[in-house]
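Okay, here's what each chain looks like letter by letter:
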Amino acid sequence: MTTAVAHTPRVLRPTTIKEATGALAVHPGARVVGGGTLVVAERSRGIDGPASYLLLSGIVDLSGVSRDGGGVRIGAQTTLRDLLDAEVSPLLDVALRSLATPQIRNRATVGGNIADRRPAHTLSPCFLALDAAVESAGAGGTRRRSMREFVSEGLAGGEIVVSVILPERSGFQRYTRVAPRNGPGYAIASVAVSIDPTARSVRTGLGGVGDSALAAPAADDFLTAAIDWDAQTTTDAAAAEYGRLLAEASNPVTDDRSTATYRRHAVTVMGRRLVEAWTEEQHHG
Amino acid sequence: MDDERISLNLQVNGTAYHVDDAWYFETLLSVLRYRLGLTGTKQSCETGSCGACTVLLDGRPINSCVALAADVQGNVTTIEGYSPADGSLTPLQEALVAAGDVQCGYCLPGMVLAGSAFIADHPNATDDEVREGMCGNLCRCTAYGSLITGIREASKR
Amino acid sequence: MRNDLRTDPGAVGIGTSRRRPDAAAKARGEFEFAPDAAEPGMLWGATLRSVHPHARLVRVDLNPAKAMPGVHAVLGGWDVPDNRYGAINRDTPVLADDIVNYVGEPIAIVAADDPEIARRALDAIVVEYEVLDPLIDMMRALEDGHVYRHVDYTHGDPTVVGDVQVEGVYTTPRQDHSYLGLDSGIAKPDGRGGVIITGATQWVHSDRAQVAASLGLPPERVLVINSGVGGSFGGRFVLSWQIHGALLALHTERPVKFLYSREEAFLARYHRHPTRIWVRHHATKDGKIVKIEGKVIHEDGPYSNTNGPGIGNGSSLLQGPYNIPNAHIEGWSVGTNNGMCGSLRGFGVVEPMYASESNLDALARALGMDGAELRRRNAMKEGDTWTFDQVMDSPAPVRELIDASGQGAQPAPLADTASGIGLPGGIATPTRPRDVVRATGTSSVAKNVCLSEGAPVNSTALVTLRDGAAVIECAAAEVGQGFKTIAEQIVQTTLGISRVTITGSDSGMADGSTTDGQLQTMTSGGAVAMAAATVKERFLRFVSREYGHDEKDLDIRDDHVVLKDGTRLMTVSDAGMHLVFQATERFAQRQTWELEGRQPGQPMHVTFNFSATRCTVDVDRELGLVRVVHMNVVQDVGRTVNPAQATGQIAGGVLMGLGLALMEEFPYVDGVPTRRTWDEYLVPTMIDAPPIDVAFLEYPEPRIPYGMRGIAELPHVQGPPAVMAALRAATGLPLPCIPATPEKVADLHPDPLPTGAPTAPSNKRIRENVESARAVPGDPMHDPVSPRKGPWNP
Ligand SMILES: Cc1cc2nc3c(=O)[nH]c(=O)nc-3n(C[C@H](O)[C@H](O)[C@H](O)COP(=O)(O)OP(=O)(O)OC[C@H]3O[C@@H](n4cnc5c(N)ncnc54)[C@H](O)[C@@H]3O)c2cc1C
Ligand code: FES
Ligand code: FES
């Protein structure tokens, strides 16, 4: 059993971001709770039994989806259900429908999904593809990082996710995944991509093929160059090469859910098919 | 150990409950079943994977097994609160048991509550809509066929 | 929905979809399942389990736990009066004494005020292990002679050679029951030195015998009461918490509740045995099968417990529902340190049927013949002889089943379903309609009905008629399968009355057999029918005497005493004058004998059932994603007592089989299970479940009242070969190893292909090994015992 740090209340209920970060600085052993769907399941299984919990649910500033200009700010405490209802992006809609179950989505939060960086989590690859930024807060104040930085660095001790900021992006946005069953459950591997004709940019996020979600800058650059932006088209060979480069960007393991070989294969095929889908969408509406 | 006990105020089925000696890490499921005696909410996986413990929180279905009781604000509806007080069945409950192959029934209270929220949002649902909307509820006995039929029929407007 | 599948609480008698008596209570959340029960002054039990697959217990110190406030008892193996139990073979320790043989094996138990305190008390117990090498490979176990049972038999002329020979090695995984209702119950002292155990089980009398034996109590000092059971599927045959609860209740003199968590259920409970099966079919060029050879290996865990009959079933039924004149078949049940194994729906038959059906898929390909046609040509029929020398003396309409499965509704075309979840892979799938190959496969299966090889299969029921209403008492366990409903229907039809209820089940009643082996409808149902018939006879004799009619002219119809021509005389209620009419009858299935060493005419199995299925799948070959689109299942059920329930059993069983074919696997790595939640061990969800059409043939079972036949296990046997036949047709791959996960279907992780030679060593070596292994005492891994000992053969 974990022994309690003296005088740490068992349940901390901050109402502001500042109170929360202040409390975490004083009680570093407290476990942050967003919706609790992961934290509570782990406690029930005896995997982690923290001496106290810090609930984010009382912090009004962390919730809600707001639009400013073309961009969107998603508060960390936004539930996955509310994000789905907000219809922020077609990519996110499909990804969220595939994420766990309606019951979980009514409780689980965006902050909790990305704060825990395990590679099977759904949203980080999506946010990579949407070129998002993450705002986080610690005792020293708030900072904003690109999603790429966030997935590789994560949170510092005592830091919380405040929001995810999506810049304006137009054009093709899609998420696909392969999983061990058709019903709900963690994916084996996933690819999220957005191809923005206005910005002439490609952004990819990969799930399940590294220690955390991965960006694929080389593949993005390749495809950006391989696309004929005026004609809105590219070649079959480029689609295949993009898929191959996704596999190259991956660093998958063989684990209980699948093999490294299959994961590499899956991102290769998914990458190729996504580019084909983009081409077809341009030309068949 | 005593400092690990907390007091809770919960609003369940329209009644305000006060619990004095819950563990600070206790789940809503545990408080409902073992402190309030509301055992209609079923315990099965305790990881949010099966839906047997589904309750409504302000009308939305959640897994009570992965909700910290200390972090529950709002009105909780359990199967006891949902079911008509006169012992009868709601049209959804009747549709589910009439549709055929209810077997052990362990999944059923969770299925009913998740279904009630689903049909509120999905009038005249198709089979595929039911499959997607109810995928958070496992049943190990049936092949889901009658459950899908029952929910689809109950969604008819 | 088909009208006859709509349940009706007012429906009366055999052939209707009478609603389950507990349906409304279940839908309202009022039905009390085992985990829901509580007793005043109750303590909570918890179990300390081994973290090693094989180790010596150097030291177990319970004192730190005993000293904790709120802890009322802490017990170890030395506190158990007779520290072995087993439903068939008493070789399993109640609590480990000096060796642990699997991860999850119980070492110590505690009773405390609250589940959390109990858990902390477990943490306080000090266990010092000396880790030993685990035996984790079934082939190693076989080579080393860790054999619980070996069978070897031939049929006809085993030297016959066919023009065409096709062979393969097939493997099936460990499967978990994953019933939703957790293992749970309460043990409490009866105040007279005995104990009352109320919990979820499938056979109260077997539980009582085992608990009493381990506690050193006479059986009448133990009362086992069945509670609400949340599914069973063969998973509640072996005890889990019951002896532990009884020990703690007697020590603390208070009620003690056990409630396993899902993870604990995965660790503590037994699973379907993994198997490795080699099979070779010999056929003529036109597809007549002339011989089957097979070697069946069951990996049966660290204790034999119930495993003997599994390999008996497995080796006998390898031939499938086909008439094969010549055979040589061997089977081994071997021990490893990979967790307990035992019965799961279709015990010992799911696996060989999968292997032989798979090999028939390959044979059909080799012959260039349609799979359904190959099966038709060899279909078994009544009067044929099984390879284990038993005449098929009841209906075997295999050809008719195959033909019927090919008819019926066709699946929706892809274009109609290609939105959202209608494609392989489900929501967010990368599969496009043009990536999909659709294919269909047919398979047919058989299963023995009832327990076999000398196991007693009998049940007793008591029926009481008073004031026009009947009450049934029968100890048969209702686990969700619907026995209570059909018992009521049988009495309604037999007695001609509508008001019938059935009581609960406990070991104070006469033995009602086990809810297992798809035997209850035709065994306890038979006893119920006989008791009702006797009551009717007694009642009508009374009416004839009291009212002066000839007994032969009287009958009961629609709650009235009638003359044979239908003229109503009076209500049953009035006629009975408030008197009680009662009868107890025992129904026993015919005697069976062990596979080997039977005399001619001695059956090994009581009887059999058959089904055939056409399955359609959509496959994304490149990514290995699969969606089962539709299944058309036709089963001979003897007599459809309740169409809604029969359909539910069959569809539900087929879906469990689909799970085994595509996703279910409970693997061990270095003796440690790697999946412990339903996020890791996956079962089919609503999105994975295809529409399943179920149709019945009704050839009555001889010797059984109303011609009823068991139905519930066969569908699980049917699922895997049906799905895999379609999947092989779609991919052209042999796919010998299930579950067929995406990497296998994408052919990126080629399965080990058949290498020709049988993989098992010679019998002689096995026998020598068994003999020498018997010489090593102490460790049950090294002490194979005859599976026929125990309660079945004291
Ligand atoms: C049945 C089931 C299926 C699932 N399937 C999926 C799936 O397909 N894809 C997927 O991605 N996930 C899945 N999950 C996992 C999980 O529920 C989600 O990832 C969810 O989004 C986590 O959010 P939460 O708010 O509940 O997290 P919590 O449990 O509250 O927290 C998760 C982690 O993040 C930390 N945390 C939470 N909020 C913050 C914050 N604002 N700042 C800093 N740290 C924070 C917590 O301390 C904890 O370490 C599944 C879970 C279940 C039970
Ligand atoms: S018990 Fe809560 S989802 Fe299974
Ligand atoms: S009826 Fe048993 S789990 Fe659904």
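For the structure, check the block above.
One structure accompanies this document, and this report is about it.

What counts and how
Residues numbered from 1 in each chain as written. Chains lettered and ligands numbered in written order. Predicted model: local features only at pLDDT ≥ 70, side-chain atom pairs only at ≥ 80, totals over all residues. Heavy atoms only, no water. Axes fitted to C-alpha atoms, helices over the stretch in contact; angles between N-to-C directions. Helix = DSSP H or I, 4+ residues; strand = E, 2+ residues; numbered from the N terminus. Left-handed = near helix turned anticlockwise from the far one by under 90°. Contact = heavy atoms within 4.5 Å. Nonpolar A, V, L, I, M, F, W, Y, C, P; charged D, E, K, R; others polar. Near = heavy atom within 4 Å. Polar contact = N/O pair within 3.5 Å; in protein donor to acceptor, adjacent residues only side chain to side chain. Areas by Shrake-Rupley, 256 points an atom, 1.4 Å probe, with all protein chains shown as cover. Phe/Tyr/Trp six-rings, centres within 6.5 Å; stacked < 30°, edge-to-face > 60°. Buried < 20%, exposed > 50% of the residue type's maximum accessible area, 1.4 Å probe, protein only. Lys NZ or Arg CZ within 6 Å of the ring centre and 35° of its normal. Pairing = 2+ DSSP bridges. Arc of directions from axis to C-beta.

**Structural notes on the packing of helix α3 (residues 91–98) of chain B against helix α6 (residues 145–154) of chain B**
Residue and element names in this part refer to chain B. Orientation of α3 relative to α6, taken along the N-to-C sense of each, is 150°, at an axis distance of 8 Å. Seen from above, α3 lies across α6 with right-handed handedness. From α3, L92, A95 and L96 reach across to α6, where they touch L147, G150, I151 and A154. Tallied by class, the residues present in the contact of α3 with α6 amount to 6 nonpolar, 1 polar and no charged.

**Some thoughts on the site of ligand 1**
Taken together, 33 residues lie around ligand 1, and V32, G35, T37, T109 and T122 of chain A are the ones closest in. At the site occupied by ligand 1, the surrounding residues belong to chains A, B and C. Between ligand 1 and G35 of chain A there is a distance of 2.6 Å, counted from an oxygen atom to a backbone nitrogen or oxygen. The separation between a nitrogen atom of ligand 1 and a polar main-chain atom of G112 of chain A is 3.5 Å. Protein contacts shield 95% of the accessible area of ligand 1, which totals 960 Å² for the unbound molecule.

**Considerations on the packing of aromatic side chains**
Per the counting criterion, the structure on display carries 20 aromatic pairs over all chains. Ring geometry for Y106 of chain B against F33 of chain C: centres 4.8 Å apart, planes inclined by 70°, an arrangement best described as edge-to-face. A residue pair is termed interchain when its members come from two chains, as with Y106 of chain B in the loop between α3 and α4 (108–121) and F33 of chain C in the loop between α1 (23–27) and β1 (43–49). Judged on exposure class, the residue Y106 of chain B and its partner F33 of chain C are both buried. Between Y102 of chain C and Y303 of chain C, the ring centres sit 6.4 Å apart and the planes meet at 75°, which makes this aromatic pair edge-to-face. Taken together, the residues span a long stretch of sequence, with Y102 of chain C in the loop between β4 (99–100) and β5 (106–112) and Y303 of chain C in the loop between β15 (289–299) and α8 (308–316) at a distance of 201 residues. Assessed through its relative accessible area of 5%, Y102 of chain C is described here as buried. Members of the aromatic cluster, each reached through a chain of ring pairs, are Y53 of chain A together with W23, Y24 and F25 of chain B. We note K26 of chain C situated over the ring of F31 of chain C; from NZ or CZ to the ring centre the distance is 4.7 Å. A cation over an aromatic ring shows up here: R269 of chain C above the ring of Y270 of chain C, its NZ or CZ 5.6 Å from the ring centre.

**Some words on the sheet that holds strand β19 (residues 458–466) of chain C**
Residues and elements named next belong to chain C. One open sheet holds the 4 strands; their spatial order is β21-β20-β19-β25, and the pairing between them is mixed. The sheet is open, and its two edges are formed by β21 (500–502) and β25 (580–588), each paired on a single side. Neighbouring strand axes in the sheet, compared pairwise and without regard to direction, differ in orientation by 20° on average. In this structure, strand β20 (residues 469–474) lies alongside β21, joined through 3 bridges in parallel fashion. Of the residues in β21, the one forming a bridge with V471 is T501. Contacts from helix α13 (residues 483–495) reach β19, β20 and β21, with the element oriented near 145° to β21.

**Some words on helix α1 (residues 17–26) of chain A**
All names here are of chain A. Within the sequence span of α1, burial applies to I17, A20, T21, A23 and L24. With its buried residues spanning 160° around the axis, α1 presents them on a single face. Facing away from the buried side of α1 by over 90 degrees, the exposed positions are K18, A25 and V26. Buried residues along α1 sit against β2 (31–33), β3 (53–55), β6 (133–138) and β8 (160–166).

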